[in-house]
Amino acid sequence: MTAPVRGEPLLSAERLTVRLARHAHSGPALVEDVSFEIGRGEIVCLVGESGSGKSVTARTLMGLTAQDRSLAVSGGLRFAGEVLDAAGLARLRGRELAMVFQEPMSSLDPLFTIGSQLTESLRRRHGGLRPAERRERMLRLLADVGIHDGERVLRSHPHELSGGMCQRVMIASALAAEPELLIADEPTTALDVTVQAQILELIDRLRTERGMAVLLVTHDMGVAAEIADRVVIMYSGRVVEDAAPRDAFFDARHPYTRGLLECIPPLTGERGRLTTIPGMVPDPASRPSGCSFHPRCALATDRCRTDDPAPVGEPGRRYACWHPLGVREPMEVNG
Ligand SMILES: Nc1ncnc2c1ncn2[C@@H]1O[C@H](COP(=O)(O)OP(=O)(O)OP(=O)(O)O)[C@@H](O)[C@H]1O
Ligand SMILES: [Mg+2]
């Protein structure tokens, strides 16, 4: 891990909320009041179990949930100090802001070869390049993501490649934009552990060489441990903890963060289930009262069942819990 240069954040998300539009402004929120910052050259990992709202958050940063008529989006986004509206996001997408989607097959066009899709990504960022230069860049991008028979891959259509290959092509396509911020949604889940390590190394190298910032979405705290400068933990559509990795790993405040740590998959690469916390992330339409995590939390009290804890602390060390770990609680005074 290389220490990032801190200063004005590259991106700040302020109270992002995404609701099902058919419920107007009172219905279930898929994500609610999500705030965090990403510094230039910083790798922030967004971590949480399936259904916690990671992809909805990532897609919102790209301005994609706002294009979905079934969703209502509110909150603020700033990029390099500039307030971003829909037009601003459209201008940055595929250039300063690029995303690797969770489902690589659904974001590659089945009708076009990988070569023509990479050409389009390069064109968007660099305009017209001479064919020889374009080809050289594409082969270099593919080599960067561990594809060494690039000539064949450029001629292939997506269905001729494995899921893992498609995922690498998607990463290459996002990197073609030379983004200032790469949003990568579970970019390594379909890949075996060796390739996963290669991709994480590549991301880390690009951050060091180009000062590229990264929002890496993962359900795996082990991945975050390897690469993150900061971890943002989501549960049930909310940020429950935002901390430096050292604090998240050795001094977590939220019991959910501690629970995630206990299910880091073993080094064999076997995928572990969350065995230490019983139950599942609630559906947004049937979120429990009070703290959403209370039905699964060994520390829950009556207050947790009725009152929703607001986040306390500052960006970079913030948590939302009535009974934070490692913090002495004031004595309850009755009467
Ligand atoms: N377009 C949509 N319409 C309705 N509900 C949605 C939509 N997109 C996501 N959801 C719901 O929002 C919640 C959060 O979904 P999201 O995809 O962000 O989870 P995630 O943390 O990325 O999970 P995973 O680890 O499985 O990818 C889920 O309950 C999901 O079913
Ligand atoms: Mg997801």
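(A) The overall build of the chain, seen in detail. Scanning the chain for helices and strands turns up 12 helices and 12 strands. Against the globule reference of 20 Å for 335 residues, the chain gives a C-alpha radius of gyration of 21 Å, in line with a compact fold. Overall size of the chain, expressed as C-alpha extent along the three principal axes, is 80 × 45 × 40 Å. By residue count, 51% of the 335 residues in the chain fall in the buried class. Restricting to contacts in the chain with at least 6 residues of sequence separation, those with at least 24 account for 67%. Entry remark: accessible area of the chain is about 16200 Å², with carbon and sulfur atoms responsible for 52%.

(B) Seen up close, the site of ligand 1. Near ligand 1 there are 13 residues, and of these Ser-50, Gly-51, Lys-54, Ser-55 and Gln-102 occur at the shortest range. Contact distances for ligand 1 include 2.5 Å between an oxygen atom and a side-chain N or O atom of Ser-50. Residue Val-56 places a main-chain N or O atom 2.9 Å away from an oxygen atom belonging to ligand 1. When ligand 1 is considered free in solution it has 640 Å² of accessible area, and contact with the protein chains removes 66% of it. Element by element, the count of residues in the shell around ligand 1 is highest for helix α1 (residues 54-61), at 3 residues.

(C) Fine view of α1. Turning to α1, its buried residues number three or more, namely Lys-54, Thr-57, Ala-58, Thr-60 and Leu-61. Burial along α1 is one-sided: seen end-on, the buried residues are contained in an arc of 160 degrees. Positive phi appears at Gly-63, one or two residues downstream of α1, with a value of about 80 degrees.

(D) Just the environment of Glu-32, in detail. Assignment of secondary structure puts Glu-32 in strand β2 (residues 29-38). C-alpha separation for the pair Glu-32 and Cys-45, spaced 13 residues apart in sequence, amounts to 18 Å. Excluding anything up to four places from it in sequence, Glu-32 contacts Leu-16, Thr-17, Arg-19, Gly-237, Arg-238 and Arg-287. Side-chain polar atoms of Glu-32 contact the side chain of Arg-19, separated by 3.3 Å.

(E) Inspection of the domain arrangement of the chain at higher detail. Taken domain by domain, the chain consists of domain 1 (7-96 + 214-265 + 275-335) and domain 2 (97-178). Placing the centre of domain 1 and that of domain 2 at their C-alpha centroids yields a distance of 31 Å. With 15 residues of domain 1 at the contact, the number on the domain 2 side is 9 residues. Both faces combined, the contact of domain 1 with domain 2 buries some 1100 Å², and carbon together with sulfur accounts for 55% of it. By the criterion of area lost to domain 2, the three top residues of domain 1 are Met-62, Gly-94 and Arg-95, representing 50% of everything that side buries. Remark: the boundary between domain 1 and domain 2 carries 1 salt bridge.

(F) Local environment of the coordination of the magnesium ion (ligand 2). Around the magnesium ion (ligand 2), the donor atoms from the protein are Ser-55 (OG) and Gln-102 (OE1), and they sit 2.0 to 2.2 Å away. Taken together, the residues span a long stretch of sequence, with Ser-55 in helix α1 and Gln-102 in the loop between β6 (97-100) and α3 (104-107) at a distance of 47 residues. Using a relative accessible area of 22% as the deciding quantity, one classes Ser-55 as partly exposed. A relative accessible area of 33% means that Gln-102 is categorised as partly exposed.

(G) Examining the sheet that holds β2 more closely. Taking strand neighbours across the sheet as the criterion, the 4 strands line up as β2-β1-β4-β5 in an open arrangement whose pairing is antiparallel. On the outer flanks of this sheet lie β2 and β5 (82-83), each paired with one strand and no other.

(H) Layout of the packing of aromatic side chains. Tallying each qualifying case throughout the model produces 3 aromatic pairs. Ring centres of Tyr-256 and Phe-293 lie 5.2 Å apart, and the angle between their planes is 65 degrees; this geometry places the pair in the edge-to-face category. With Tyr-256 in helix α11 (residues 255-261) and Phe-293 in the loop between α11 and α12 (302-306), this residue pair connects regions lying 37 residues apart in the sequence. Side by side, Tyr-256 and Phe-293 carry an identical accessibility label, which is buried. Through a chain of ring-to-ring contacts, three or more aromatic side chains come together here, namely Tyr-235, Tyr-256 and Phe-293.

(I) Inspection of unusual backbone geometry at higher detail. Notably, Ala-80 is not glycine yet its phi reads approximately 50 degrees, a positive angle. Within the secondary structure, Ala-80 sits in the loop between β4 (71-79) and β5.

(J) Spatial organisation of the pairing of strand β7 (residues 181-185). When you tally the buried positions in β7, you get 5 out of 5 residues, the bulk of the element. Burial along β7 is two-sided: Leu-181, Ile-183 and Asp-185 facing one way and Leu-182 and Ala-184 facing the other are all buried. As paired strands, β6 and β7 are joined by 4 bridges and run parallel to one another. Directly across from Val-100, in β7, lies its bridge partner Ala-184. In this structure, β7 lies alongside strand β8 (residues 213-218), joined through 5 bridges in parallel fashion. Bridge pairing in β8 links Ala-184 to Leu-216. Handedness of the crossover joining β7 and β8 through helix α8 (residues 193-210) is recorded here as right-handed.

Here is what the cut-offs are and how they apply
- Residues numbered from 1 in each chain as written.
- Chains lettered and ligands numbered in written order.
- Predicted model: local features only at pLDDT ≥ 70, side-chain atom pairs only at ≥ 80, totals over all residues.
- Heavy atoms only, no water.
- Helix = DSSP H or I, 4+ residues; strand = E, 2+ residues; numbered from the N terminus.
- Rg over C-alpha atoms; globule rule 2.2 N^0.38 Å.
- Buried < 20%, exposed > 50% of the residue type's maximum accessible area, 1.4 Å probe, protein only.
- Contact = heavy atoms within 4.5 Å.
- Areas by Shrake-Rupley, 256 points an atom, 1.4 Å probe, with all protein chains shown as cover.
- Near = heavy atom within 4 Å.
- Polar contact = N/O pair within 3.5 Å; in protein donor to acceptor, adjacent residues only side chain to side chain.
- Arc of directions from axis to C-beta.
- Domains from an automatic or database assignment.
- Buried area = accessible area lost by both parts, 1.4 Å probe.
- Salt bridge = Lys/Arg side-chain N within 4 Å of Asp/Glu carboxyl O.
- Donors = N, O, S within 2.8 Å, 3.2 Å for Na, K, Ca; no water.
- Pairing = 2+ DSSP bridges.
- Phe/Tyr/Trp six-rings, centres within 6.5 Å; stacked < 30°, edge-to-face > 60°.
- Right-handed = clockwise from strand over helix to strand, strands pointing away.

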